[in-house]
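Secondary and tertiary structure notes
Given next are the chains, with one letter for each unit.
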Amino acid sequence: MTVQEAFAAAEAVTRTEARNFYYGIRLLPVPKRQGLCALYALARRIDDIGDDDAPLETKRTALGLVRKQLSDLDASTDPVLVAVAETARRYPVPLDAFEELLDGVEMDLRGATYESFDELRVYCRCVAGSIGRLCLSIFGKGTDPRAPLFADQLGIALQQTNILRDIREDLLLGRVYLPREELADFGVNLQLDDAGALHDPDARLAAYISFAAERAEHWYDLGLRLLPQLDHRSAASCAAMAGIYHHLLLRIRENPTAVYERRMSLPPHEKGRVALAALAKAVLPV
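To keep things clear, this report deals only with the structure shown in the data block. Note that this is a predicted model, so its numbers are computed, not measured.

The next point concerns the pattern of salt bridges. According to the stated counting rule, one finds 25 salt bridges in the structure shown. Of the charged contacts, one joins R133 and E100 as a salt bridge, the two residues approaching to 2.8 Å between their closest N and O atoms. Of this pair, R133 sits in helix 7 (residues 117–139) while E100 sits in helix 6 (residues 96–109); the two residues are 33 residues apart in sequence, bridging distant segments of the chain. Pair check on accessibility: R133 and E100 agree, each one buried.

Helix 6 packs onto helix 3 (residues 30–51) with a crossing angle of 20° between their chain directions and a minimal axis gap of 9 Å. The pairing of helix 3 with helix 6 is recorded here as roughly parallel in orientation. For the pair helix 3 and helix 6, the crossing hand works out as right-handed. Across from L39, L42, A43, I46, D47 and G50 in helix 3, the residues of helix 6 making contact are F98, L101, L102, V105 and L109. Residue composition of the contact of helix 3 with helix 6, by class: 9 nonpolar, 1 polar and 1 charged.

Counted at 1.5 Å a residue, the expected span for helix 12 (residues 232–254) with its 23 residues is 33 Å, and the 31 Å between its end C-alpha atoms agrees. One side-chain oxygen of the residue at the start of helix 12 lies 3.1 Å from the amide nitrogen of R233, identifying that residue as D231.

What follows is about unusual backbone geometry. One non-glycine residue with positive phi stands out, namely A203, at about 60°. In this fold, A203 is placed in the loop between helix 10 (180–185) and helix 11 (204–223).

What follows is about the packing of helix 1 (residues 3–17) against helix 3. Relative orientation of the contacting elements helix 1 and helix 3 amounts to 65°, with a least axis distance of 8 Å. The angle between helix 1 and helix 3 places the two elements in the roughly perpendicular class. With respect to the hand of their crossing, helix 1 and helix 3 are arranged in left-handed fashion. Seen from helix 1, the contacting residues are Q4, F7, A10, E11, V13, T14 and E17; seen from helix 3, they are R33, Q34, G35, C37, A38, Y40, A41 and R44. Looking at the contact of helix 1 with helix 3 residue by residue, the class counts come to 7 nonpolar, 4 polar and 4 charged.

The rules behind these values
In this convention, every chain numbers its residues from 1, walking through the sequence in written order. Restriction of local features to residues with pLDDT of at least 70 applies here, the model being predicted, together with a cutoff of 80 or more for giving and counting side-chain atom pairs; totals for whole chains, interfaces and linings are based on all residues. To obtain the side-chain values, all non-hydrogen atoms of the structure were used and water was disregarded. Salt bridges are identified by distance alone: a Lys or Arg side-chain nitrogen within 4 Å of an Asp or Glu carboxyl oxygen. Secondary structure elements follow DSSP: runs of H or I of four or more residues count as helices, runs of E of two or more count as strands, with numbering from the N terminus. Under the scheme applied here, a residue whose accessible area is under 20% of the maximum for its type counts as buried, over 50% as exposed, and between as partly exposed, the area being computed with a 1.4 Å probe on protein chains only. Axes here refer to lines fitted to C-alpha atoms; in helices the fit is confined to the stretch in contact. Angles between the N-to-C directions go from 0 to 180 degrees. The scheme is simple: roughly parallel for angles under 35 degrees, roughly antiparallel for over 145, roughly perpendicular for 65 to 115, oblique for anything else. Two helices cross in a left-handed way if the nearer one is turned anticlockwise from the farther one by less than a right angle. They cross in a right-handed way if the turn is clockwise. Note on contacts: a residue pair qualifies if any of its non-hydrogen atoms lie within 4.5 Å across the two residues. We call Asp, Glu, Lys and Arg charged. Ala, Val, Leu, Ile, Met, Phe, Trp, Tyr, Cys and Pro are nonpolar, and the rest, Gly among them, are polar. To estimate how far a helix should extend, the number of its residues minus one is multiplied by 1.5 Å. Two N or O atoms form a polar contact when they lie within 3.5 Å of each other; inside protein one atom must be a possible hydrogen donor and the other a possible acceptor, and for residues adjacent in sequence the pair counts only when both atoms belong to side chains.

In short, shape yes, function no, at least from these values alone.
Below you can see the structure in the form of structure tokens.
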């Protein structure tokens, strides 16, 4: 397999499995897009292991195999790993961020729940802050030494959006990411009604979602400080990806009950509008 074939395989995974992410990285020059597709494809593989219906020990063995493969990337003939190895030669990829992602998936396998937001933040940093730092290695860090922190914070913002969007779907899988202390404070008992929607007769869950969405908005404010550190195209790509999720968060904040029955998503034309706006803003003179 050639390196270009490996990159093509990684891009096919990204284009199919991560439409929001792919919308953003389409704005990048080919080498950077290839690199981000490679990193995403491996991250997706790790995430899919956690979500698989396989027995617990099978999933743990699979995660262990990925850890082993990461320790000797150059020996692999797997297309995705070949693409990651080439990306790590081209860019300063923090491969230890994949180890953090593996740690986060293992939290899911243990059935971890979170008592406080501080505990949830650790999980978000593992599964999403790690992705922010991986992406930053392709985008470039600029001159501010806090750029990795900003990337981390932006990843945490995106993951909070995912958690709010997927409350029902996660509950169906037996997972609850929302902090127990906060649910108790709002008097929320997460459960489904007879129709399979989130049960919220007293609108307490809606109030909690509004509260959590407002907090996530603050994390976007923190994370988007990254944009001035990036070149125009990288900033546009990052802004497009973040903008799609941010728009989704705003819709959840405006109408919390929209997540009760189905998984929310933005229509393609709206994603395209966000991406075009990000590109226009990045290339226009300040």
